[in-house]
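Now for the letters of each chain:
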There are 2 protein chains.
Amino acid sequence: MSRTMKIEMVSTGDEVLYGQITDTNAAWLSDFLFQQGFLVSSRFTVGDDLTQLIHTLQTRSKENDILIVNGGLGPTSDDLTALAAAKANNDELILHQEWVAKMEQYFACRGNNMSPKNLKQAMLPASATLVDNSVGTACGFRMVMNGCHLFFTPGVPFEFQEMVKTQILPEIRQLFPDVDKPLCYRLTTMGRSESDLASEIEQRLSIPANINVGYRSAMPIIELKLTARQSLQAQMNSLWAELASLVSDNLLYEGTIGLARLVSTLLKQQSLQLLVLTDKLAAAVVSQLYDADAPLIKAEIFGDNDPLNAQILTWQMHYPHAIILSLTGFSAEEPIFTLQLITPKQAYHYTLKYTGRIHNNQIQQEIFSAVGLDALRRYLTQQPLVGPNIWLDVIEAGK
Amino acid sequence: MSRTMKIEMVSTGDEVLYGQITDTNAAWLSDFLFQQGFLVSSRFTVGDDLTQLIHTLQTRSKENDILIVNGGLGPTSDDLTALAAAKANNDELILHQEWVAKMEQYFACRGNNMSPKNLKQAMLPASATLVDNSVGTACGFRMVMNGCHLFFTPGVPFEFQEMVKTQILPEIRQLFPDVDKPLCYRLTTMGRSESDLASEIEQRLSIPANINVGYRSAMPIIELKLTARQSLQAQMNSLWAELASLVSDNLLYEGTIGLARLVSTLLKQQSLQLLVLTDKLAAAVVSQLYDADAPLIKAEIFGDNDPLNAQILTWQMHYPHAIILSLTGFSAEEPIFTLQLITPKQAYHYTLKYTGRIHNNQIQQEIFSAVGLDALRRYLTQQPLVGPNIWLDVIEAGK
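Since the structure is predicted, the reported quantities are computational estimates derived from the model, not experimental observations.

Conventions and cut-offs
- Residues numbered from 1 in each chain as written.
- Chains lettered and ligands numbered in written order.
- Predicted model: local features only at pLDDT ≥ 70, side-chain atom pairs only at ≥ 80, totals over all residues.
- Heavy atoms only, no water.
- Contact = heavy atoms within 4.5 Å.
- Buried area = accessible area lost by both parts, 1.4 Å probe.
- Salt bridge = Lys/Arg side-chain N within 4 Å of Asp/Glu carboxyl O.
- Polar contact = N/O pair within 3.5 Å; in protein donor to acceptor, adjacent residues only side chain to side chain.
- Nonpolar A, V, L, I, M, F, W, Y, C, P; charged D, E, K, R; others polar.
- Pairing = 2+ DSSP bridges.
- Helix = DSSP H or I, 4+ residues; strand = E, 2+ residues; numbered from the N terminus.
- Axes fitted to C-alpha atoms, helices over the stretch in contact; angles between N-to-C directions.
- Parallel < 35°, antiparallel > 145°, perpendicular 65-115°, else oblique.
- Left-handed = near helix turned anticlockwise from the far one by under 90°.
- Phe/Tyr/Trp six-rings, centres within 6.5 Å; stacked < 30°, edge-to-face > 60°.
- Buried < 20%, exposed > 50% of the residue type's maximum accessible area, 1.4 Å probe, protein only.
- Lys NZ or Arg CZ within 6 Å of the ring centre and 35° of its normal.
- Right-handed = clockwise from strand over helix to strand, strands pointing away.

Participant: Please clarify how the interface of chain A and chain B should be interpreted in this entry.
Facilitator: The partner chain B presents 67 residues to the 67 residues of chain A that form the contact. Here chain A and chain B share an interface that buries about 5,700 Å² over both sides, 47% of which is from carbon and sulfur atoms. Of all residues in chain A, A:Y18, A:R43 and A:Y290 give up the largest surface area on contact with chain B, accounting jointly for 12% of the area buried on that side. If you look at where chain A meets chain B, you find five salt bridges. A salt bridge links B:K117 to A:E202; the nearest nitrogen and oxygen atoms lie 2.7 Å apart. Viewed at the interface, chain B and chain A are joined by 29 residue pairs in polar contact (both at pLDDT 80 or more). Of the residues that constitute the side of chain A that touches chain B, the class distribution is 25 nonpolar, 20 polar and 22 charged. Where strand β14 (residues 296–302) of chain A lies against strand β14 (residues 296–302) of chain B, three bridges are found, and the strand directions are antiparallel.

Given below as structure tokens:
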């Protein structure tokens, strides 16, 4: 294809427009289509407003080749997408008996009767072609307007993902068979500033015009990425090797695994189990490890003046083969804290000073959790426990 | 004003388009402007692509009265917004000496020299009017295109918020002095399904045409809201009273305080301190309480087979005036668990069965944390500890 195909996602719903929920469907769709070789080129977000929904469908279909419209197919009165689609296309809403039958079957399988409210979910534009939802009651559908292919999808993430994977992706492939797939390489660093990284990269690497370098800063990490079309893979690979080597002192991981999941994987590979002792300021490390399925035996979130060494000794006796991570001694007045890692062979002890800006509790938890997880990562990959870091000073280090 | 004013936010950046970061600026802006009486009517999200940025500014300015463009004003090569604004308006980018002086002063105050890279942040469209950023190096600016007022703002949340509050809101007020302010009332429930709530509300309440009812479902909670223009305040108030009474058995809170912060406030009002014992499955309750600034003495995240009662006894001895919340006994095979609340006067004991769908670790943590926090809320407001809940069965309850 000579010209670029334009895919836009239309996210609907007040709760998405007003940011009361994170648009996880948007993130998932962009990532999924990217993996399949398609780039989402933009996203338009509107609330539950009929007039505006109609106008959106009419105007955005003129600007794009594909619109993936998400949300507003539920049974309640603020679900307006089917009505908007009908009106935008000068269509009637009609009851699609085919979908009524599907819903009756869906409820019967679960031992329930269908509520009359659900009938609304089978009221779809007369010209719509149904798109099956095998895991819920919100029927997907497709239409063509202004030469653009519109796919209407449910807001429930699981249903949305199933529909995109099994029904919509094959359609898009058929409509646009010849795209040059995009490539994106990512890595995550900690301990340097974005502008510092950018300066060094721009000075030391020569970056071809059609490879893009991107930066994403979210304290405590900076993500770097290279993007280009697949036809540039050879150049991408060699530039990537240079980039990874340039930032190696601060590299946490390549790809998108995440620090907690990386630590979890390393622990499992080395058949190690973990115990965590932490002040409240780093309490998030525990739920992050649990989310990442880490082999975590137990954890204690310390109060002030709790007997740290006694607890460590008790755990060492009971779990002689486990690793104990301890992040304690934070005080409100002084941003100094103690990082200990007690392994079956060795005990490491660091007194550290946080010299960065003080953020809210949530971001501070992210920062100190990351310091602890990184110490584990470094231990498990045979490196010194604390890496070079502009916002962290080593006051004392011992074994 | 007879016609509706249209405010659109234009969010820029690959990381926002691809959902790698949550667009917290979008949520903040919608909420802030709403509080001030202005509704954001839509949001357009584009990546770091010069051609598309130019096209976006040219086309979206035709559709809106105000565009608030966010992001892309930094010093790195993927920050393209100023260049796009210039090209969209057939302008030159010129060095604004006024901003160079501001940046030099900014760095001098911090004992640093300005990096040459930062000069790029003073290269702005010739026709732009600067909008001061008192807390960073990214200069805001404004322009008029196609009769639309465009405000260009930095992506760093703190800088963005300052600029909107101190510079942009006063401008919007001056441009559109006569809006009928929007009203939005919210409450959060737990333990009923969205369609069940919706059915009862639509059957039992008579809802005027120009008041909207909205639902937002995010396991384990459902949020309900009423929105209307301020001129309907009297009707809103009476409908709100009926709605709150209708859902009272499942009501967690009115407004947007959040369960952890509500519990934190109640504990502080009653001068109580808290200790938490939990299995890993509810570990998130600890970081949520800490984020909400709760009077949390300490917490322990249990491993399997840990001596629960011994720990509770020890804590009772050491902290006789504190409240102990314990959420334990989860097993992978059976979704049965034990909720205990030990107060200075009484010990409550519940065996509960979770009958809902099994989600990923993160959502399961949200669910069980909410059950624990709700038990605290109910205790602190003199109610039975476990409320009516479609996905939670009480197997046993005792004191």
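Participant: Got a minute to help me understand the packing of helix α2 (residues 24–35) of chain A against helix α6 (residues 157–175) of chain A in this structure?
Facilitator: For any two helices packed against each other, one specifies the crossing angle of their axes together with the interaxial distance. Residues and elements named next belong to chain A. Between α2 and α6, whose axes approach to 10 Å, the crossing angle comes to 25 degrees. Relative to α6, the element α2 is oriented roughly parallel. Of the two possible hands of crossing, α2 and α6 adopt the one that is right-handed. Across from T24, N25, W28, L29, F32 and L33 in α2, the residues of α6 making contact are P157, F160, Q161, V164, K165 and L169.

Participant: Hey, could you run me through the packing of aromatic side chains in this one?
Facilitator: Both the distance between ring centres and the angle between the ring planes are used here to describe each pair of aromatic rings. Evaluated as defined, the whole model comprises 23 aromatic pairs over all chains. Seen from their ring centres, B:F330 and B:F337 are 4.7 Å apart, and the 15 degrees between their planes marks the pair as stacked. Comparing B:F330 with B:F337, the two get one shared label, buried. Sitting above the plane of the A:F44 ring, A:R60 keeps its charged end 5.7 Å from the centroid.

Participant: What should I look at first to understand the pairing of β14(B) in this one?
Facilitator: Within a regular strand, side chains alternate between the sheet's two faces. Burial runs high along β14(B): seven of the seven residues are buried. Following the chain from strand β13 (residues 274–279) of chain B across helix α10 (residues 284–291) of chain B to the adjacent parallel β14(B), one finds a crossover that is right-handed.

Participant: Even after reading the chapter, I still don't get the sheet that holds strand β3 (residues 66–70) of chain A, so can you show me in this structure?
Facilitator: The strands making up a sheet are joined through hydrogen bonds of the backbone, oriented either antiparallel or parallel. Strand order in the open sheet formed by twelve strands is β6(A)-β7(A)-β8(A)-β3(A)-β1(A)-β2(A)-β2(B)-β1(B)-β3(B)-β8(B)-β7(B)-β6(B), with mixed pairing between adjacent strands. Among the strands making up the open sheet, the edge pair consists of β6 (129–131) of chain A together with β6 (129–131) of chain B. For this sheet, the mean inter-axis angle between neighbouring strands, taken without regard to orientation, is 20 degrees. Strand direction decides the pairing type here: strand β1 (residues 7–12) of chain B and strand β2 (residues 40–46) of chain B, joined by six bridges, are parallel. Following the sheet pairing, B:V10 is matched in β2(B) by B:F44. Those strands touched by α6(A) are β1 (7–12), β3, β6, β7 (140–145) and β8 (148–153) of chain A, and its axis lies near 170 degrees from that of β8(A). Strands β1, β3 (66–70), β6, β7 (140–145) and β8 (148–153) of chain B of the sheet are contacted by helix α6 (residues 157–175) of chain B, whose axis makes an angle of about 170 degrees with β8(B).

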